[in-house]
Amino acid sequence: MSSLKESEFKFIQLGNYNHRYFEAGAGQKTLVLLHGFSSSIEAYERVIPLFASHYRVLALDWLGFGGSDKPSTIQYSLTLYASLLSEFLAKTTMPGEPLVAVGHSMGAKYLLANETIYPKQFEKLVLTDSDGFLSLPGFIGMASVWGVRHVLHKVVSSRKFVRKTMQSVYHNPTHITPAHFERNWEMVRKKENYEAMMALNRSFKKLDLKRSGVRAKLGEVKKPVLIIWGRNDRFIPPKYAELIHREIKGSTLHFIEECGHVPMVEKPEEYFETVVQFVEKK
């Protein structure tokens, strides 16, 4: 079970789609938390109470994930996600409100796309084990072809496959509690979740930082950027943290030791302290 109570979640219309979000805390700054692929707001459940003791916190389920709508016939794109995030901020924050964005994995990739399209929305960015810098082959889209995707669903929704995938995400597998495993397994098993993921797969070129042209614009990012990475991330290895650090001039890089792909789960206190130090730095 999640430590976030279902009754506390809110819903909002963005781009004519229903989105689930969570709001907590108060403060002079607002943290906007953005989850990764095959995930949801719950990825931040261990750090939301910590952040909420200092700041106003907004956490959003991306379209296609968590408790948000999961359309399977639309074309997803970095532009679409940036526009949805922009609309979310327009409806939940005040003009001039100091905003800091925290993105994990896929969410960090979408955050970078948002920054190149709407560069004035956030005063600082936190990128955690970011997706978007791996070179994806063109044939990856074949996974969403009708015959292939139905066979693939049987494989990826098996308990054995889900457990192996989760074990590759964490450095310390004890973080995979029975409740956490069951939640992830259920997420993959649900047909609407899987079909939305396949729709994203079909749209992978428009979701790719390089193919979309977003990566070529990262040199234009001038605001403070913190890159946080699990030193033992096997999912997206630490060499990509160094690569992003080079491509975003002036960024700060912090490795969390004995930690895999999800620092806010494995090392919530260090993650919280690292983000707060960055947010408060003048």
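Residues numbered from 1 in each chain as written. Predicted model: local features only at pLDDT ≥ 70, side-chain atom pairs only at ≥ 80, totals over all residues. Heavy atoms only, no water.

K.L.:
Quick question: what am I supposed to make of the environment of His35 here?
P.N.:
The residue His35 is located in the loop between β3 (30–34) and α1 (48–52) in this model. Looking at His35, the relative accessible area reads 0%, which means it is buried. With 73 residues separating them in the primary sequence, His35 and Ala108 have C-alpha atoms 8.0 Å apart. Look past the residues within four positions of His35 in its chain and what remains in contact with it is Ser40, Ile41, Tyr44, Leu60, Asp61, Trp62, Phe65, His104, Met106 and Gly107. At 3.0 Å, the side chain of His35 and the backbone nitrogen of Trp62 are in polar contact. (Helix = DSSP H or I, 4+ residues; strand = E, 2+ residues; numbered from the N terminus. Buried < 20%, exposed > 50% of the residue type's maximum accessible area, 1.4 Å probe, protein only. Contact = heavy atoms within 4.5 Å. Polar contact = N/O pair within 3.5 Å; in protein donor to acceptor, adjacent residues only side chain to side chain.)

K.L.:
Looking at this structure, how should I read the pairing of β3?
P.N.:
Judged by how many residues are buried, β3 sits mostly within the fold: 5 of 5 residues are covered. Going residue by residue along β3, you find Thr30, Val32 and Leu34 tucked away on one face and Leu31 and Leu33 tucked away on the opposite face as well. Sheet analysis places β3 next to strand β4 (residues 56–60), joined by 5 bridges and oriented parallel. Looking at the pairing, Val32 lines up with Leu58 of β4. By the bridge criterion, 5 bridges tie β3 to strand β5 (residues 99–104) in an arrangement that is parallel. The residue bridging Thr30 from the neighbouring strand is Leu99, located in β5. (Pairing = 2+ DSSP bridges.)

K.L.:
Explanation requested: unusual backbone geometry in the structure shown.
P.N.:
Most peptide bonds take the trans form, and the phi angle of most residues other than glycine is negative. The phi angle at Ser105 is positive, at roughly 50°, despite the residue not being glycine. Of note, Ser105 is situated in the loop between β5 and α3 (106–117). Of the residues examined, Ser105 reaches a relative accessible area of 7% and is grouped as buried. Positioned with a positive phi, Glu258 is a non-glycine residue whose angle comes to about 50°. Tracing the backbone through its elements, the reader meets Glu258 in the loop between β8 (252–256) and α9 (263–266).

K.L.:
Explain the pattern of salt bridges to me, please; I cannot follow it from the model alone.
P.N.:
Here the idea is simple: oppositely charged side chains can pair when their charged atoms come close. What the rule picks out here adds up to 15 salt bridges. Three or more residues are tied together by salt bridges with common partners; here these are Lys10, Glu23, Arg56 and Glu97. (Salt bridge = Lys/Arg side-chain N within 4 Å of Asp/Glu carboxyl O.)

K.L.:
What's the story with the sheet that holds β4 in this structure? I'm lost.
P.N.:
Spatially, β1-β2-β4-β3-β5-β6-β7-β8 is the arrangement adopted by the 8 strands of the open sheet, whose pairing is mixed. Unpaired on one side and paired on the other, β1 (10–14) and β8 mark the two borders of the sheet. The mean angle between the axes of side-by-side strands here comes to 25°, regardless of whether they run parallel or antiparallel. This element, helix α2 (residues 78–92), spans β1, β2 (17–24), β3, β4 and β5 of the sheet and lies at about 120° to β1. Packed onto the sheet, α3 meets β3, β5 and β6 (124–128) and runs at close to 135° relative to β5. (Axes fitted to C-alpha atoms, helices over the stretch in contact; angles between N-to-C directions.)

K.L.:
Any chance you could explain the packing of aromatic side chains here in plain terms?
P.N.:
Two numbers describe a pair of aromatic rings. These are the distance of the centres and the angle of the planes. Scanning the model with the defined rule gives 9 aromatic pairs in all. Seen in terms of ring centroids, Phe51 and Phe272 are 5.6 Å apart; in terms of plane orientation they differ by 55°. Their pairing is tilted. You can see Phe51 sitting in helix α1 and its partner Phe272 sitting in helix α10 (residues 268–280), a full 221 residues away along the chain. Look at Phe51 and you get buried, because its relative accessible area is 0%. Accessibility expressed as a relative area gives 13% for Phe272, which makes it buried. Geometrically, the ring pair formed by Tyr81 and Tyr110 is stacked, given 4.2 Å between the ring centres and 20° between the ring planes. Within this pair, whereas Tyr81 is found in helix α2, its partner Tyr110 is found in helix α3, the two being separated by 29 residues in sequence. According to the relative accessible area criterion, Tyr81 is buried, its value standing at 1%. Through successive ring pairs, a cluster of aromatic residues spans Trp62, Tyr76, Tyr81 and Tyr110. Between Arg20 and the ring centre of Phe9, over which it is positioned, the NZ or CZ distance is 4.0 Å. (Phe/Tyr/Trp six-rings, centres within 6.5 Å; stacked < 30°, edge-to-face > 60°. Lys NZ or Arg CZ within 6 Å of the ring centre and 35° of its normal.)

K.L.:
Can you help me understand α2 in this one?
P.N.:
Quick reminder: α-helices carry 3.6 residues per turn. Residues three or four places apart thus point the same way. Compared with an ideal rise of 1.5 Å per residue, which puts 15 residues at 21 Å, α2 spans 21 Å between its outermost C-alpha atoms and is within 8% of the ideal. For α2, every residue scored as buried is listed here: Leu78, Leu80, Tyr81, Ala82, Leu84, Leu85, Ser86, Phe88, Leu89 and Thr92. (Expected span 1.5 Å × (residues − 1).)

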